Amino acid sequence: MKKRASQKSAATSKKQAPPKKQAAKKQTAKKQGAKKKSPKKKAVKKKSTPRKATVKQSPPKAAAVKKLVKQPPEDQGGADQHALSGKSTVFASSKTNEWQPFPLLRIIEDQEIRQEMAARKVELDAQYERAEVAYDLLSKEIELQKLRRENKDEKSQGEQRKNYGDVTGIAICFRTKYRQVVSPLQYVLDVNVSRKKDEGQLKASNFDPLPPAINGTPIKVREGSFQFAASSDVGRLAAGDGPAHPVAKDSPILGGQPIADKNHERNFGTLGIVFEMGGKNFGLSNRHVTKSKTVRIISSDFKSQDLGPVEEKVSDHTSNGRYVDASYFSLKLLEAQGVLSIPYQIKDLNDGNAPLDVVFATEEVQNSDRYFPIYKYGAKTGALLNGKITAIKTQVNIGGPKKGVIRVESNTTRFLEGGDSGSVLLIKATVGSKLSWVVIGIVFGQLMDKVGDNFVPNDHVAFGCHISHVLKMLGILDALPAEKLTATWTPVN
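Given the structure is predicted, the values throughout are model-derived calculations rather than measurements. (Residues numbered from 1 in each chain as written. Predicted model: local features only at pLDDT ≥ 70, side-chain atom pairs only at ≥ 80, totals over all residues. Heavy atoms only, no water.)

Looking at the pairing of strand β4 (residues 180-183)
Here is step 1: Bridging between strand β1 (residues 106-107) and β4 involves 2 bridges; their strand directions are antiparallel. Bridged to isoleucine 107 within β4 is valine 182.
Here is step 2: Summarising the sheet, strand β3 (residues 176-177) and β4 pair through 2 bridges and their orientation is antiparallel. The residue bridging lysine 177 from the neighbouring strand is glutamine 180, located in β4. (Pairing = 2+ DSSP bridges. Helix = DSSP H or I, 4+ residues; strand = E, 2+ residues; numbered from the N terminus.)

Encoded structure:
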């Protein structure tokens, strides 16, 4: 009995040791004295000791769990292994303050896109360089395939050659879900085809599937087409088929008004902007809007008035592969009748605010200009609408590949309709220390979405030429006033 008692007392003393230490830290000397005088309280402690001993066993388990969270296995891609670990939380969910071990794709707004682009600039610039190589490789391959099909030379001397079928467009852009950009940002090749096909349909057509990636850049395939107005059942340029917002007779001539070829008023486009050169004023638009020798402005009496002759027009690629569809024309015939022309002014551009200077960009649009508001006034839509640049290097097929053009989109509202061809694209930016409107492009095309067996116009997506190449190809860059040109600008929201 004595041996058992001594063993029991030793075990009890061991179990009671932790509570005494805790009591020494948490309780005052008076409370300790009170516990010694009260045997009942001691008895209660003895009864509760097993419970505390049970609680004491949990810390090792918690430490093990904590260790697993801090050091996840390599194949699980934990938070501290993520490429964005430790960076700004603008990429994480707005409802959390830190990265999760497995970050989910999240749709983000334009401002968040710009923030992430700035924070990950070095990484994303490297991604973009790889995407440019992939873009060029695929573009060249598509051209070679087209030549082989035209020459009926699919295979030569048993050599296996790829045939991707009818690829209608290529663009370098960010990965999207439901046409919305998702974070973490990643560059992809957005490839349009006239019709998506499954593996069986590809084999039946003797087509090869597009690779999942080129040069490390993923490929995303969409249905879409870009066609001339002559094929109105499957597509068109952004040129209208009837007057929408005619001009009051004898009203001043300025950007945003409907113009057309003489005797073809129902196939109209937009006078993008009036500019001054050598003491005279001229209008700027697309070549496909001003095909004949004389341009007319559509008046309110549903007739038209001659503006003047076309001075120069171009529909071709530059030496570095940028497509240009543009023309400029005189306004002298209508000016001779006493009608005023106003250079560098576009309808609704200032909207009652203090007018800002309008200048032309002499350099290409850059990645840093993407996801800032882009504005245009089209003769068909008849309002100053805004979107954003989603790609600065795009290829669309409209009677042949049109390369190196700008893609502008508006997710929530319409951006253009047929008849807006020729309208200029503007961005609000600081030039030097002055807030200005900078003309960065000119609209020429429109996306056509596949709906059933037909293609229908998509009024959210437009394509434009870089204005810097427009001015060079038209031969007017050196003749424009120096104060109306800028090589640098900083976009503002």
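As for the confidence of the model for the chain
Here is step 1: Looking at the chain as a whole, the pLDDT averages 80, with 73% of positions reaching at least 70.
Here is step 2: The model gives residues 1-50 a pLDDT under 50, and that stretch makes 11 contacts with residues more than four places away or in other chains.
Here is step 3: pLDDT under 50 marks residues 52-102. Its contacts with residues more than four places away, or in other chains, come to 45 contacts. (pLDDT = per-residue confidence, 0-100. Contact = heavy atoms within 4.5 Å.)

Here's the deal with the pattern of salt bridges
Here is step 1: What the rule picks out here adds up to 20 salt bridges.
Here is step 2: Aspartate 136 is the salt-bridge partner of lysine 393, the closest N and O atoms lying 3.5 Å from each other. With lysine 393 in strand β19 (residues 384-397) and aspartate 136 in helix α6 (residues 121-150), the pair connects residues that are 257 residues apart, well separated along the chain.
Here is step 3: Given the relative accessible area of 10%, lysine 393 is considered buried.
Here is step 4: Taking the shortest distance from any N to any O, the salt bridge between aspartate 306 and lysine 262 comes out at 3.7 Å. Taken together, the residues aspartate 306 in strand β14 (residues 304-317) and lysine 262 in the loop between β9 (257-261) and β10 (269-271) connect sequence positions 44 residues apart. (Salt bridge = Lys/Arg side-chain N within 4 Å of Asp/Glu carboxyl O. Buried < 20%, exposed > 50% of the residue type's maximum accessible area, 1.4 Å probe, protein only.)

Describing the pairing of strand β17 (residues 358-361)
Each regular strand displays side chains that alternate between the two surfaces of the sheet.
Here is step 1: As judged from the 3 bridges shared by β17 and strand β22 (residues 434-451), these two strands associate in the parallel manner. From the neighbouring strand, valine 358 faces β22, where its bridge partner is tryptophan 437.
Here is step 2: The sheet contact formed by β17 and strand β24 (residues 485-486) spans 2 bridges and is parallel. If you follow phenylalanine 360 over to β24, its bridge partner there is leucine 485.

Topic: α6
Here is step 1: When the terminal C-alpha atoms of α6 are compared, their 43 Å separation across 30 residues agrees well with the 44 Å that a helix rising 1.5 Å per residue should span.
Here is step 2: Of the residues making up α6, those classed as buried are Leu124, Gln127, Tyr128, Ala131, Ala134, Tyr135, Leu138, Ser139, Ile142, Gln145 and Arg148.
Here is step 3: Trailing α6 by a residue or two, lysine 152 shows a phi angle of about 55°, which is positive. (Expected span 1.5 Å × (residues − 1).)

A short note on the packing of aromatic side chains
Here is step 1: Throughout the structure, instances matching the rule amount to 10 aromatic pairs.
Here is step 2: When the centroid spacing of 5.9 Å and the interplanar angle of 25° are considered together, the rings of phenylalanine 275 and phenylalanine 282 count as stacked.
Here is step 3: The positively charged end of arginine 370 is found above the aromatic ring belonging to phenylalanine 174, 4.5 Å away from the centroid.
Here is step 4: Above the face of the tyrosine 344 ring, lysine 484 is positioned so that its terminal group lies 4.5 Å from the ring centre. (Phe/Tyr/Trp six-rings, centres within 6.5 Å; stacked < 30°, edge-to-face > 60°. Lys NZ or Arg CZ within 6 Å of the ring centre and 35° of its normal.)

With respect to the layout of surface pockets
Here is step 1: Put simply, the largest pocket is a space of about 500 Å³.
Here is step 2: In terms of lining, the largest pocket is formed by 40 residues, of which the most central are Lys388, Thr390, Glu409, Ser410 and Asn411.
Here is step 3: Among the elements that take part in the lining of the largest pocket, β19 stands out by supplying 8 residues, more than any other.
Here is step 4: Of the residues that constitute the lining of the largest pocket, the class distribution is 16 nonpolar, 13 polar and 11 charged. (1 Å grid on protein atoms, 1.4 Å probe; cavity = no way out; pocket = protein on both sides within 12 Å on 5 of 7 lines; lining within 4 Å. Points joined across faces, edges and corners; volume = space filled by probe spheres on them. Nonpolar A, V, L, I, M, F, W, Y, C, P; charged D, E, K, R; others polar.)

Details of helix α5 (residues 110-119)
Here is step 1: Of the residues making up α5, those classed as buried are Ile113, Arg114, Glu116 and Met117. The buried residues of α5 all sit within an arc of 165° when viewed along its axis, so they share a single face.
Here is step 2: The inward-facing, buried residues of α5 contact α6, β2 (167-174) and β4. (Arc of directions from axis to C-beta.)

Re the nonpolar core
Here is step 1: Judged by nonpolar contacts, the single largest core of 83 residues is most densely connected at Phe275, Leu284 and Ile440.
Here is step 2: With 8 residues, the single largest contributor to this core is β22.
Here is step 3: Each residue touching isoleucine 440, except ones within four places of it in the same chain, is listed here: Ala361, Val365, Ile374, Ile389, Ile406, Leu425, Ile427, Cys465, His466, Ile467 and Trp489.
Here is step 4: Counting residues in each nonpolar core, the second largest holds 14 residues, with Ile253, Val289, Phe329 and Leu334 among its members. (Core = buried A, V, L, I, M, F, W, Y, C linked by side-chain atoms within 4.5 Å.)

Overview of unusual backbone geometry
Here is step 1: The omega angle of the peptide bond from serine 183 to proline 184 is 0°, so this bond is cis rather than trans.
Here is step 2: Here proline 184 shows up in the loop between β4 and β5 (187-193).
Here is step 3: For tyrosine 178, which is not glycine, the phi dihedral falls at a positive 55°.
Here is step 4: Of note, tyrosine 178 is situated in the loop between β3 and β4.
Here is step 5: Phi at arginine 179 takes a positive value of approximately 65°, unusual for a residue other than glycine.
Here is step 6: One can find arginine 179 in the loop between β3 and β4.
Here is step 7: Relative accessible area serves as the criterion here: at 35%, arginine 179 is assigned to the partly exposed category.

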